[in-house]
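Listed below are the residues making up each chain.
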Amino acid sequence: MLARKMFRDIRFNLSQFITIFLMVFIGIMAYSGIRSYMYGMTKSAEIFYEEQNLQDLEAMAPNFTDKDIEKVKKIDHVKNAERRLTIVGNMDSDKDITLQMNFIEENEISTFYVVQGESFNKEKSGLWLDEYFANKNKIKLGDTIKIKYDGETLEEKVLGLIIVPDHVYDIKDESAIFPTHTDYGFVYMSINEFPKSYVKKQAMQKAGIDDEKIFDMAVKDFDYKDYLTFNYLLVDVDEDENKNYVKNEIEKELKNVLAVTKAEDTLSYATYQGEIEEGETYCGVFSGLFLFIAILSVITTMTRVVKKQRTQIGTLKALGFKNGRITMHYVGFGFWIALFGAVLGLIVGPLFIGNVFINEELEYYEVPNGRAVVSTRGFIVAAITVLVITLVTYFTCRKELKENPAETLRTQMPRVKSKNLNFTTKGIFKNMSFGSKWNLRDIFRNKARTIMGIAGVTGCCMLLVCGFGMFDSMNKFLDDQFDKLYNFDYKLSIKQDYTNEQYNKLTERFGESTSQTLMIEIENGDVKDANNIFVDNSKGYVRFVNHKGDFIDLNDDGVFVTEKLASVKGYKIGDTIKWHIYGKDKYYETKIVGLDRDAQNQNVKMTKKYLESLGIEYKPDAIYTNDDLSGVKEIDGIELIQDKNALKSGTANMLDTMKMMLVLLIVLAAVLGGVIIYNLGILSFTEKQYQFATLKVLGFKDKQIKKIYIKQNNWIAIISIIIGLPLGFYMTDYIFKMALSDSYDFGASIKMISYVYSAIGTWIVSFVFSKLLARKIGKIDMVTSLKGNE
Amino acid sequence: MQELIKFENVKKTYNIGEKSFNALDGADFSINKGEFVVVLGPSGAGKSTLLNLLGGMDKVTSGSIIVGGKDISKYNDKQLTEYRAENIGFIFQFYNILPTLTVLENVELVDSIVKNPKDAKQILKEVGLEEHYNKFPNQLSGGEQQRVSIARAIAKDPLLLLCDEPTGALDSKTGVEVLKLLKKQCDANNGENTVIIVTHNSLIAEVADRVIRLKNGKVESNTINKNPKNIEEVNW
């Protein structure tokens, strides 16, 4: 019978209980949804890496010879090793498309996941193409594509569409950030397909012989295979814990090796992992907020229900119902609703949010068979939520349920400690209007309700600031990175093995605004951190800013490090850092003379002059220019032409997806604020009904009473806005700091106008809902309201 | 006649803010089994307090209350709950029926607390509500609601029926109907049932077996009505 009563009570207070249900549902849906997509990403990648045997180590060198590979295979714990020649060419099409070409001898490590077509076969002529790229560019199995490389043209049939575990995150250049799969992709071919004539040409060039006949005479029985170079080595290690050992051994054994990278440190692996961790922050912050609101709603709703049902509780007690059963009955309200919301959230979250997000993510990251997977943590959080809501319900009702029945049956009058309210009759308060005094006293009598009201509306304001603020911050990031720091239109990456002749031609055409990036290892106690040095000779094409965003110049007395790197590693100006260039043993000690700020890359910077003062030769690898190069696809000696605007729009694309989420956030903020105000409004309204009825009897007009009523909500809105605006900033900042990995450095940067929007938005939400509630004043029936309080 | 209830120097003190006041200030009286009792007194005399204490809804400050030979003033909360469930039927001035349960459900509610409840439908028929089983309380008149409340109390077949101003919110004609029902309950069960009515309407005293008058928390008089009138005989 009590169950039936509960069911009907819920029905009669539907809007209130729906709030609790919705908040628990949304909170759990968001949490389990986001968790399930993160867990799904983790799981599907784990399976992918495992089944396709992702390499454990990847080594880079100008060339890995037959002997080198034999040496590596002999190292303890090495299961297998294979080498690869990776170069970048251009696809022959009317669009500007770059293709990374990988020539391999076998495919036992980081094997192809064949979506369509056949698996790798060294003897087959043709290529295996990046499935994502093929999709975006509508290339089908059996099509023939042409790739240009340094004057050579390769024409190959597509034998298979593949996904490869070391190309999960694959971009043209580190400044591209976001893989679009439209203008960049990878292909794999047998090493047999590498143009033999090109090998010979290179060999002749190296030998300094122009005439082929003379070369043939000089090098008898020329076998092009002896002249092939392989710049990558993939190594399969038996157990994970032996990776470090093998890495050190390779560095020892092979003198010319530039870098040996563990799988988890590769860009592909680490970026994917970073993306997963990013979700964790959002997931925690937003779900937490919803659950917080759910708890607020439980407190307000249950307080109201229990207060309203005081006499019913008394009656049940008088009838002889045991306290335990009555408690169970009222706690049941919270428990069943939370349980229902949580279960539904657990089902809907992974099904919708989880799968939508994972599909969205796997549009960019190349992982097959992605599916949202419910994590145990989702269940645990759901269980905890139900428990917390139940407990909160219990504590809310406890006071009423503990009283003895005679007391419960008596109508409760607000307890007024006259002392506390005395101040409202003195000083500045003396001349306040009746309405203001009334509200002031009402607020002090109902502190808990007022505080909850402020908390809820503050939450709404914070979400609005956060929504608008993330928008601003990301736009600022775009502007900073692309307009402030990049003062060039094109960045040209120079080929590694360029000739002096090529270089001279380039500088004649574009001027000598260049830079070089050196891969280094910085020694920090026992640990060595991989990093890079940007050597600047760009003559203003690449700019640097300080903390405030003002332009600064590097100087020739030492190195600059980025602020974030300094704060993560604890570097200060005046400290010395010790580092060596990859592939070379010599250590340098350089003094930090300044800090600069970079949103996207955390590294070390120095001038060309300072580099040379250390006795290192400056060998530029990039040229900057403002010449219009649109439509230019190939420049002699240049590996990659990068258009700043293309980079910018690529990043802007990514931000567009986020904008959808932000709009959702802003809408949710409004709903949230509205729900809280409405909920508390109804609660306070029930409490005040008797007083309003009395005012009505005395002859107050509805309008006057409405004014008094709305006044209090306006005060709460104003206080909440004052608290919410700065807190919104901190929340946005926190999200950026937590969500982004160590390589990023951009905090919240919110425009004044966004604060104005948020404040107005909060106020409008508060005002609209207050107005809605105030309409009830007109409906107060004086007779029943007053009688009910007899 | 067998003595059922005995109040011995019962005091009940309420603290309101810094002041305290005695709602009952040493009340002494006794009531016999099967009596139809009316407790009279002006407002503030301690009538409701007396009823609450007797019904096990509140605890004495001092003194003792013996019901059926047992001192219920020594009972803890759990024992009091049991005492209420097994022995007491309450009828309130404002009926206190649960608004979200139907008429029938309100009466059936007691099925889950007592061992041998009476049949809910049968009782509703006896109080003349057989047409209204599935109505909600707000669809009923005041007199009908009070009858639901009586039906609920009777369904427990209680030893003691405690009524706090049962006719206070009703017009006189409906009031008479309600009183008749209460009297009927008192006479049922071979006259073993005891009914106590708290009221400030002295006319009701004319039909009572025993009249207790309270004033300022003390018993002013406790008289036995030798010739109680028939309910119809009273000039309402």
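Worth saying up front: this structure is predicted, and the values here are computed from it rather than measured.

A few words on the overall build of chain B. Of the regular secondary structure elements, chain B holds six helices and ten strands. When each of the 236 residues of chain B is scored for burial, the buried share is 55%. Here the contacts in chain B between residues at least 6 apart in sequence split such that 71% fall between residues at least 24 apart. Surface exposure of chain B reaches about 10500 Å², of which carbon and sulfur atoms provide 44%.

What follows is about the overall build of chain A. For chain A, the helix and strand inventory stands at 23 helices and 21 strands. The buried share among the 790 residues of chain A stands at 54%. Counting contacts in chain A only where the partners sit at least 6 residues apart, residues at least 24 apart contribute 80% of the total. Of the roughly 36700 Å² of accessible surface on chain A, a fraction of 55% belongs to carbon and sulfur atoms.

On to a negative patch on the surface, then. All names here are of chain A. A contiguous patch of negative charge, built from Asp76, Asp238, Glu239 and Glu241, is present on the exposed surface. One can find glutamate 241 in the loop between strand 9 (232-237) and helix 8 (243-253). Residue classification places glutamate 241 among the exposed positions, given a relative accessible area of 63%.

Each side of the interface is counted separately: chain B has 26 residues, and chain A has 24 residues. Contact between chain B and chain A buries roughly 2300 Å² in total, counting both sides, with carbon and sulfur atoms accounting for 63%. Interface area lost by chain B to chain A is led by B:Met57, B:Leu98 and B:Thr100, which between them contribute 23%. Summed over the shared surface of chain B and chain A, the number is two salt bridges. Linking A:Arg8 and B:Glu105 is a salt bridge whose minimum nitrogen-to-oxygen distance equals 2.5 Å. In this structure, the connection of chain B to chain A is made through seven residue pairs in polar contact (both at pLDDT 80 or more). Elements represented by at least two residues in the side of chain B that touches chain A include exactly helix 2 (77-87) and helix 3 (103-108) of chain B.

All names here are of chain A. If you walk through the whole model with that rule in mind, you get 32 salt bridges over all chains. The shortest N-O distance in the salt bridge between glutamate 105 and arginine 83 comes to 2.9 Å. Of this pair, glutamate 105 sits in the loop between strand 3 (98-104) and strand 4 (113-117) while arginine 83 sits in strand 2 (residues 78-91); the two residues are 22 residues apart in sequence, bridging distant segments of the chain. For glutamate 105, a relative accessible area of 23% puts it in the partly exposed group. Taking relative accessible area as the criterion, arginine 83 reaches 8% and is therefore assigned buried. Between arginine 84 and aspartate 166 there is a salt bridge, with its nearest N and O atoms 2.8 Å apart.

Let us now look at the sheet that holds strand 7 (residues 160-164) of chain B. All names here are of chain B. One open sheet holds the six strands; their spatial order is 6-7-8-3-9-10, and the pairing between them is mixed. Two strands lie at the open edges of the sheet, namely strand 6 (88-91) and strand 10 (218-224), each paired on one side alone. The mean angle between the axes of side-by-side strands here comes to 15°, regardless of whether they run parallel or antiparallel. Judged from the four bridges that link them, strand 3 (residues 36-40) and strand 9 (residues 210-215) form a sheet pairing that is parallel. When the bridges of strand 9 are listed, leucine 40 appears paired with arginine 213. With respect to the sheet, helix 1 (residues 47-54) is in contact with strand 3, strand 6, strand 7, strand 8 (194-199) and strand 9, its orientation differing from that of strand 7 by roughly 150°.

To continue, consider a positive patch on the surface. Together, A:Lys308, A:Arg775, A:Lys776 and A:Lys779 make up a positively charged patch on the protein surface. Note that A:Lys308 resides in helix 9 (residues 267-308).

With that settled, consider unusual backbone geometry. Residue and element names in this part refer to chain B. A positive phi angle, near 45°, is found at asparagine 9, a position not held by glycine. Relative to the helices and strands, asparagine 9 resides in strand 1 (residues 3-16). Positive phi is not limited to glycine here, since aspartate 157 has a value of about 50°. Considering the arrangement of structural elements, one finds aspartate 157 in the loop between helix 5 (142-155) and strand 7.

Ring pairs (aromatic) are described by centroid distance and by the angle formed between their planes. Here the structure, examined in full by the defined rule, presents 35 aromatic pairs over all chains. Centroid distance A:Phe215 to A:Phe222: 5.7 Å. Interplanar angle 70°. Geometry classified as edge-to-face. On the basis of relative accessible area, A:Phe222 is assigned to the partly exposed category, the value being 22%. Look at A:Phe488 and A:Tyr624: their rings are 4.8 Å apart centre to centre, the planes differ by 45°, and that puts the pair in the tilted class. Of this pair, A:Phe488 sits in the loop between helix 16 (447-485) and strand 11 (490-494) while A:Tyr624 sits in strand 20 (residues 622-625), and the two are 136 residues apart along the sequence. The same class applies to A:Phe488 and to A:Tyr624, which are both buried. Among the aromatic residues, those joined into a ring-pair cluster are A:Phe112, A:Phe120, A:Trp128, A:Phe186 and A:Tyr188. Looking at A:Lys578, its charged tip hangs above the ring of A:Tyr587, at a distance of 5.1 Å from the centre. Lying across the ring of B:Phe36, B:Lys183 places its NZ or CZ 5.4 Å from the centre.

We now examine the sheet that holds strand 2 (residues 19-32) of chain B. Residues and elements named next belong to chain B. With respect to topology, four strands assemble into an open sheet ordered 2-1-4-5, the strand pairing being antiparallel. On the outer flanks of this sheet lie strand 2 and strand 5 (70-71), each paired with one strand and no other. Across five bridges, the pairing between strand 1 and strand 4 (residues 62-67) is antiparallel. For lysine 6, the partnering residue across the bridge sits in strand 4 and is isoleucine 66. Helix 1 rests against strand 1, strand 2 and strand 4 of the sheet, and its axis sits at about 120° to strand 1.

Let's shift gears to the environment of A:Phe64. Residue and element names in this part refer to chain A. Residue placement: phenylalanine 64 occurs in the loop between strand 1 (57-60) and helix 3 (66-74). Relative accessible area serves as the criterion here: at 0%, phenylalanine 64 is assigned to the buried category. Residues phenylalanine 64 and phenylalanine 230, spaced 166 residues apart in sequence, show a C-alpha to C-alpha distance of 5.3 Å. With sequence-adjacent residues up to four places away left out, phenylalanine 64 is seen in contact with Ala59, Arg83, Phe230, Asn231, Tyr232, Leu233, Leu254 and Val257.

Tracing the chain through its elements places A:His329 in helix 11 (residues 323-361). Contacts of A:His329, omitting those with residues within four sequence positions, involve A:Leu2, A:Lys5, A:Met6 and A:Asp9.

Residue and element names in this part refer to chain A. Mapped onto the elements of the fold, serine 44 is located in helix 2 (residues 14-51). Here the side chain of serine 44 touches glycine 40 through a polar contact of 2.5 Å, landing on its backbone oxygen. Setting aside residues no more than four positions away along its own chain, serine 44 makes contact with Tyr272, Val367, Pro368, Asn369, Gly370 and Arg371.

All right, on to the pairing of strand 7 (residues 152-163) of chain A then. Residue and element names in this part refer to chain A. The element strand 7 is largely enclosed, with a buried count of nine among its twelve residues. Here four bridges tie strand 4 to strand 7, and the two strands are oriented antiparallel to one another. Across the sheet, the residue bridging to glycine 117 is glycine 160, located in strand 7. Judged from the four bridges that link them, strand 5 (residues 127-130) and strand 7 form a sheet pairing that is parallel.

Bringing the nonpolar core into the picture now. By size, the foremost hydrophobic cluster in this structure holds 112 residues, and its most contacted members are A:Tyr272, A:Tyr330, B:Leu124 and B:Leu182. A per-element tally of this core places helix 2 of chain A first, with 17 residues. Among the nonpolar cores identified, the runner-up in size contains 35 residues, and B:Ile5, B:Phe29, B:Ile65 and B:Ile212 belong to it.

What follows deals with the environment of A:Asp628. Residues and elements named next belong to chain A. Tracing the backbone shows aspartate 628 in the loop between strand 20 and strand 21 (638-643). Aspartate 628 gets classed as exposed once you look at its relative accessible area, which sits at 62%. C-alpha separation for the pair aspartate 628 and tyrosine 490, spaced 138 residues apart in sequence, amounts to 8.2 Å.

For the structure on display, the rule yields zero disulfides over all chains. Free cysteine: B:Cys163, not disulfide-bonded; nearest cysteine sulfur from B:Cys186 at 9.7 Å.

Detailed conclusions should not be drawn from predicted coordinates in areas where pLDDT is low. Residue and element names in this part refer to chain B. For chain B, the average pLDDT comes to 87, and 99% of its residues sit at 70 or higher. Of all secondary-structure elements in chain B, the lowest mean pLDDT belongs to helix 6 (residues 172-191), at 85, while strand 4 reaches the highest, 94. Interface confidence for the predicted complex, expressed as ipTM, amounts to 0.80; the pTM equals 0.68.

Rules used in this analysis
- Residues numbered from 1 in each chain as written.
- Chains lettered and ligands numbered in written order.
- Predicted model: local features only at pLDDT ≥ 70, side-chain atom pairs only at ≥ 80, totals over all residues.
- Heavy atoms only, no water.
- Helix = DSSP H or I, 4+ residues; strand = E, 2+ residues; numbered from the N terminus.
- Buried < 20%, exposed > 50% of the residue type's maximum accessible area, 1.4 Å probe, protein only.
- Contact = heavy atoms within 4.5 Å.
- Areas by Shrake-Rupley, 256 points an atom, 1.4 Å probe, with all protein chains shown as cover.
- Patch = residues over 30% accessible without salt bridge, like charges linked within 9 Å, V, L, I, M, F, W, Y side chains within 5 Å.
- Salt bridge = Lys/Arg side-chain N within 4 Å of Asp/Glu carboxyl O.
- Lys, Arg positive; Asp, Glu negative; His and termini not counted.
- Charge placed at Lys NZ, Arg CZ, Asp CG, Glu CD.
- Buried area = accessible area lost by both parts, 1.4 Å probe.
- Polar contact = N/O pair within 3.5 Å; in protein donor to acceptor, adjacent residues only side chain to side chain.
- Pairing = 2+ DSSP bridges.
- Axes fitted to C-alpha atoms, helices over the stretch in contact; angles between N-to-C directions.
- Phe/Tyr/Trp six-rings, centres within 6.5 Å; stacked < 30°, edge-to-face > 60°.
- Lys NZ or Arg CZ within 6 Å of the ring centre and 35° of its normal.
- Core = buried A, V, L, I, M, F, W, Y, C linked by side-chain atoms within 4.5 Å.
- Disulfide = S-S within 2.5 Å.
- pLDDT = per-residue confidence, 0-100.

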